[in-house]
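Okay, here's what each chain looks like letter by letter:
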Amino acid sequence: MSAVLGAEELAEIREGFQKVDADNNGYISACELGRLLNEVGCTMPGYQVRQLLEKLDKDKNSKIDIDEFSAIFLELKDDQSAQNFKKALNKKEGIVAIGGTSEISSEGTQHSISQQERYAFANYINSSLEKDTDCVDLLPIDPNTDALFKAVQSGILICKLINLSVPDTIDERTINKKKLTPFTIQENLNLALNSASAIGCQVVNIGAQDLKEGKPHLVLGLLWQIIKIGLFADIELSRNEAIAALLEEGESLEELMKLSPEELLLRWANFHLKKVGMSISNFSGDIKDSMAYFHLLEQIAPDGSEEGAPRIEVDMTGLYEKDLSKRAECMLKQADRLDCRQFVTATDVVCGNAKLNMAFVATLFNKHPALTKPENQEWNLASETREERTFRNWMNSLGVSPFVHHIYGDLIDAMVILQLYERIKVPVDWDNRVNHPPFKVNVGHLKKIENCNYAVELGKNEANFSLVGIAGQDVYDGNPTLTLALVWQLMRRYTLNVLADLGEGEVAGDDLIIEWVNKKLSEAGKSSSIKSFKDKSISTSLPVLDLIDAIQPKSVNFELVKTDSLSDEDKLDNAKYAISMARKIGTKVYALPEDLVEVNHKMVMTVFACLMGRGMKRA
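Caption draft 1: Main features of the nonpolar core. Core analysis: the biggest nonpolar cluster contains 93 residues, and Phe121, Ile125, Leu148, Leu222, Leu265 and Trp268 have the highest contact counts within it. Not counting residues up to four positions away in its chain, the partners in contact with isoleucine 125 are Glu130, Leu139, Ile141, Leu148, Leu157, Leu161 and Leu223. By size, the runner-up hydrophobic cluster in this structure holds 75 residues, among which are Leu467, Val475, Leu486 and Tyr590.

Printed below as a string of structure tokens:
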């Protein structure tokens, strides 16, 4: 495709795709495309919209990916519907064209940003971090200007925001806060980007220089990912059992657990709206008149039955305001009484900004869920393990689609696993061997199992994985032990590929990594060493910290490191510092501090392998 379309056109297409993909799931649904055309007043007859969708949706899976989206510009160059389509993109409200490129884009590409997002994120950061003493010189951010893009340039705000969304991700001691220099700012930005990746953000196309320059489209994209992870953290059955109240008749708990946070939010809103005879199908067109919001606020407002939560009676008179903007403002005043006036303005509501309205509803859910766990039902809901969370974050950081919320349920059709094979440079025969969604009800399970069988076959025959006793059926069934065994080998190969790229193509093994680590430690005059990735000394994190200091001399503040008669708390303290320091010097580490303390040899290997990659780059 790039042979026909120029770099500038391709960049324009990518920007257009991101505008239409309101929920950032990597696909455009029919409703997102139709909503775009309606909102901008593009007078295209219904049959032309259907024709356009048919031409876009090449694999007939009811979802449009970036390749299908791009095809319209090749196949419909002179077609009137294509011209209307491009016209619609350019007219979309709230978008401001700006100059600037990311490092991977061509010079002169025109990008677009949403003023509404800039305004919403600036206000969110102001309210969330206003009491943080380290942010005194950075806040408040004027939401009406480009101040947000300057405020993030030091890396401090992004680090703080990551810890707000996923507490303790970054050891505060590793953030450079005073007397900043270009070098210490670079360290902060390394820390921010590598930590964002570790919590599941896709940062493949974002570099420290992009943030240092405050490139709006990249800054907003990263901020949204971080904020969204925090907003959605508790919209999960294993972390909030009251969500079981949303079970529908005939539905199993397993089926409810497979719903994404977005789907659960919609289910939750309709659960409350059903009481007044209403329902919505999206957070864009269906909420523009504020009627659903008024009734939702009335249903979830505290009734005074809980201690410390006085009754709040929502004033519904604004519902009868004829002007939609004024009605939305009345509604937001009531939301403010519930301490939930975040993310949206009256304009965002009336325009149906799907992303910001979803954030608004997530705030309502987090503060006033108004759900009660069904009585007389006992469920043994296993929380996500550390290993599962680490693997899930790794997959999401690579930009797999769909976004992985539940590691077993979201892998049963093997589509994500097959994408991971491509990331580790194992070719996938998408045309002849892969069954693409949507899957027909009566044969869907067979098609998914065929995909899983192919995924195991690739592992055995092409990647030379050890998959003894693992069959496609095990992945389809969501067998935890066997599924994780496959995912681990994918992650391990991904990690080792970094070393192969730096060397002469040879695949590094454990012995080679250990040899390199000990040699580096010895050359730097360090007393620590490791015998294997199960070495008990690793539980102190001292070998890791010594190696970091050997790779980047004087980077570790050893006054912060505990060395004598270490308690478990001391070891965890060292491990938190070590993991953050590794990320700070530019190492993409997915392991958690607990992995070092417990000497989880699998994750320990990834830490040393990634540090080896960093050290080889500096050599």
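Caption draft 2: Looking closely at the packing of aromatic side chains. This model, assessed by the stated rule, comprises seven aromatic pairs. On the basis of an interplanar angle of 25° and a centroid distance of 5.0 Å, the ring pair of tyrosine 124 and phenylalanine 343 is categorised as stacked. One end of the pair, tyrosine 124, is in helix α6 (residues 115–129); the other, phenylalanine 343, is in the loop between α15 (324–337) and α16 (346–351), with 219 residues separating them in the sequence. A single burial state applies to tyrosine 124 and to phenylalanine 343, both of which are buried. Ring centres 5.3 Å apart and planes at 85° place the aromatic pair tryptophan 268 and phenylalanine 365 in the edge-to-face group. Separated by 97 residues along the polypeptide, tryptophan 268 in helix α13 (residues 261–273) and phenylalanine 365 in helix α17 (residues 354–367) bring together distant segments of the chain.

Caption draft 3: Quick peek at helix α19 (residues 415–423). The buried fraction of α19 amounts to seven of the nine residues, a majority that puts the element mostly inside the structure. Within the sequence span of α19, burial applies to Met415, Val416, Ile417, Leu418, Gln419, Leu420 and Tyr421.

Caption draft 4: Looking closely at unusual backbone geometry. The linkage connecting serine 401 with the following residue, proline 402, adopts the cis geometry, with an omega of 5°. With respect to the secondary-structure elements, proline 402 resides in the loop between α18 (386–397) and α19. Phi is positive for asparagine 464, which is not a glycine, with a value near 60°. Of note, the phi angle at serine 541 is positive, near 70°, even though the residue is not glycine. Residue placement: serine 541 occurs in the loop between α23 (510–523) and α24 (542–551).

What counts and what doesn't
- Residues numbered from 1 in each chain as written.
- Predicted model: local features only at pLDDT ≥ 70, side-chain atom pairs only at ≥ 80, totals over all residues.
- Heavy atoms only, no water.
- Core = buried A, V, L, I, M, F, W, Y, C linked by side-chain atoms within 4.5 Å.
- Buried < 20%, exposed > 50% of the residue type's maximum accessible area, 1.4 Å probe, protein only.
- Contact = heavy atoms within 4.5 Å.
- Phe/Tyr/Trp six-rings, centres within 6.5 Å; stacked < 30°, edge-to-face > 60°.
- Helix = DSSP H or I, 4+ residues; strand = E, 2+ residues; numbered from the N terminus.

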